[in-house]
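Examination of the molecular architecture
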Amino acid sequence: DILGHNLKQASQRLTWNKSPKSVLVIKKIQDASLLQPFKALCAYLMEENNMIVYVEKKVLEDPAIVNDENFGSVKKKFYFIICLGGNGTLLYASSLFQGSVPPVMAFHLGSLGFLTPFNFENFQSHVTQVIEGNAAIILRSRLKVKVVKEFREKKATLQNGIEENGVLPAGLEKDSNRLMMHYQVLNEVVIDRGPSSYLSNVDIYLDGHLITTVQGDGVIVSTPTGSTAYATAAGASMIHPNVPAIMITPICPHSLSFRPIVVPAGVELKITLSPEARNTEWVSFDGRRRQEICHGDSISITTSCYPLPSICFRDPVSDWFESLAKCLHWNVWKKQNHFTEEEEEF
């Protein structure tokens, strides 16, 4: 039943079919403070656990480690991933995997660690527990996004990701008169008015039916994981990642009654410019790959069948509420004093 499924999700444990032998370590680049933790982690994984450690080529280009022969380039199959950085590093790790994602262990070494529950101080014991399968896991749903754009002049086409020699980057398709791009999004898809001074006007369809037109600065379509990011700043509720849902949050709507809504996971959303829209729109995916959307283009969004398995520090509920308190200072206030015995008499 539904209740049983949700309880099972909330208590999911990490289980290895066999002991992990390789790991991808993703490090925030251009951050000198991460060099020592990065080297210490890699040495521990290789020397103490006999694991193959993969890192990205651009990490190897750092002068501080360029001559270290123990590092290799990124491969396609990993047992799990370790992230060193902040929320942005985890979002970047998610973007590397457009299909299934290995379990991700995230250490908070960035400026904000809402999605990164592990402290690096005792990384050896944390990593050992994960390798031994002694950890809880949460499946963070992602959004499967398809952007369909009509071909226009060459300049606009080049801006949208086609190289001059006609080679399409990964995730792009084309037919005779359309360009299609596919993305896996962990936090949110943001559609906004960009540099234009005119109000945004976009139509939102749900399973083929027009549900509303957004007139304002734009709209955010987010996962429960993304509910604590831009959506919260725009006035939405915060939703636990175990809740199967998609959030639709207007950005500064031109209507006092336009409240954020939550729709069931799995519905198909389609967003297009309204016929009366005075300007084009701009769209970004987890804050990246920002591009212009014109009349005739469309953005289709639904729940991806490839969630991101995030390894918990304690468990999905404890980690989430601790992040709310530590990172967002949720419900932090000055407590009122209790009555003294004398005051109670009055």
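Just above, that's the structure.
All chains use their own residue numbering, which begins from 1 and follows the written sequence. Given that this is a predicted model, residues contribute local features only at a pLDDT of at least 70 and side-chain atom pairs are listed and counted only at 80 or more, while totals for whole chains, interfaces and linings are drawn from all residues. As a rule here, side-chain values come from all non-hydrogen atoms in the structure, and water together with hydrogens is ignored.

**Details of the overall build of the chain**
Let me state the cut-off plainly: Under the DSSP-based scheme used, a helix requires at least four consecutive residues in state H or I and a strand at least two consecutive residues in state E, with every element numbered from the N terminus. Each residue's exposure class comes from its accessible area (1.4 Å probe, protein chains only) as a fraction of the maximum for that residue type: buried when under 20%, exposed when over 50%, partly exposed otherwise. Here, two residues are considered to be in contact whenever any of their heavy atoms come within 4.5 Å of each other.
Each helix and strand counted, the chain has 9 helices and 19 strands in total. Per-residue burial for the chain yields a buried fraction of 47% across its 346 residues. Looking at the chain alone, contacts between residues at least 24 apart form 70% of all its contacts between residues at least 6 apart.

**Thoughts on helix 8 (residues 316-327)**
Inclusion rule: How far a helix is expected to stretch is found by multiplying one less than its residue total by 1.5 Å. The arc under discussion is defined with respect to the helix axis, by the directions toward the C-beta atoms. Counted as a polar contact is a pair of N or O atoms within 3.5 Å, where, for protein atoms, one must be capable of donating a hydrogen and the other of accepting one, and residues adjacent in sequence contribute only when both atoms are in side chains.
Taking 1.5 Å as the rise per residue, helix 8 with 12 residues should run 16 Å; its terminal C-alpha atoms sit 16 Å apart, in good agreement. When helix 8 is considered as a whole, its buried residues turn out to be Pro 316, Asp 319, Trp 320, Ser 323 and Leu 324. Taken end-on, helix 8 shows its buried residues confined to a sector of 135°, consistent with a single buried face. Structurally, the start of helix 8 carries an N-cap: the backbone nitrogen of Val 317 is 3.1 Å from a side-chain oxygen of Asp 315.

**Re a nonpolar patch on the surface**
Formally: Patches here: salt-bridge-free residues with over 30% relative accessible area, like charges joined within 9 Å, nonpolar side chains (Val, Leu, Ile, Met, Phe, Trp, Tyr) joined within 5 Å. Accessible areas in this description were obtained via Shrake-Rupley with a 1.4 Å probe; residue shielding takes into account the shown protein chains only. Counted as salt bridges are all cases of a side-chain nitrogen of Lys or Arg within 4 Å of a carboxyl oxygen of Asp or Glu.
On the surface, Val 317, Phe 321, Leu 328 and Trp 330 cluster together into a nonpolar patch covering about 350 Å² of accessible area. Inspection of the secondary structure assignment puts Trp 330 in the loop between helix 8 and helix 9 (341-344).

**Quick notes on the environment of Lys 146**
Mapped onto the elements of the fold, Lys 146 is located in strand 6 (residues 143-150). Separated by 155 residues in sequence, Lys 146 and Ile 301 have C-alpha atoms that sit 6.6 Å apart. Excluding residues that lie within four positions of it along the chain, Lys 146 makes contacts with Met 181, His 182, Ser 298, Ile 299 and Ser 300.

**Focus on the packing of aromatic side chains**
Worth spelling out the cut-off: Pairing of aromatic rings covers Phe, Tyr and Trp, the last through its six-membered ring, and needs centres within 6.5 Å; plane angles under 30 degrees mean stacked, over 60 mean edge-to-face, and all others mean tilted.
As enumerated under the stated definition, the model contains 9 aromatic pairs in all. Residues Phe 107 and Phe 118 carry aromatic rings whose centres are separated by 5.8 Å and whose planes lie at 50° to one another, so their mutual orientation is tilted. On the criterion of sequence distance, the pair formed by Phe 107 in strand 4 (residues 104-108) and Phe 118 in the loop between strand 4 and helix 5 (123-131) is long-range, its members being 11 residues apart. Pairing Tyr 183 with Phe 285 gives two aromatic rings, centres 4.1 Å apart and planes at 25°, and the pair type is stacked. Here Phe 285 lies in strand 16 (residues 281-285) and Tyr 183 lies in strand 8 (residues 178-185), a separation of 102 residues in the sequence. The pair Tyr 183 / Phe 285 is uniform in exposure class, with both members buried. Ring-pair connections join several aromatic residues into one group, and the members of that group are Tyr 44, Phe 107, Phe 118, Phe 120, Phe 123 and Phe 313.

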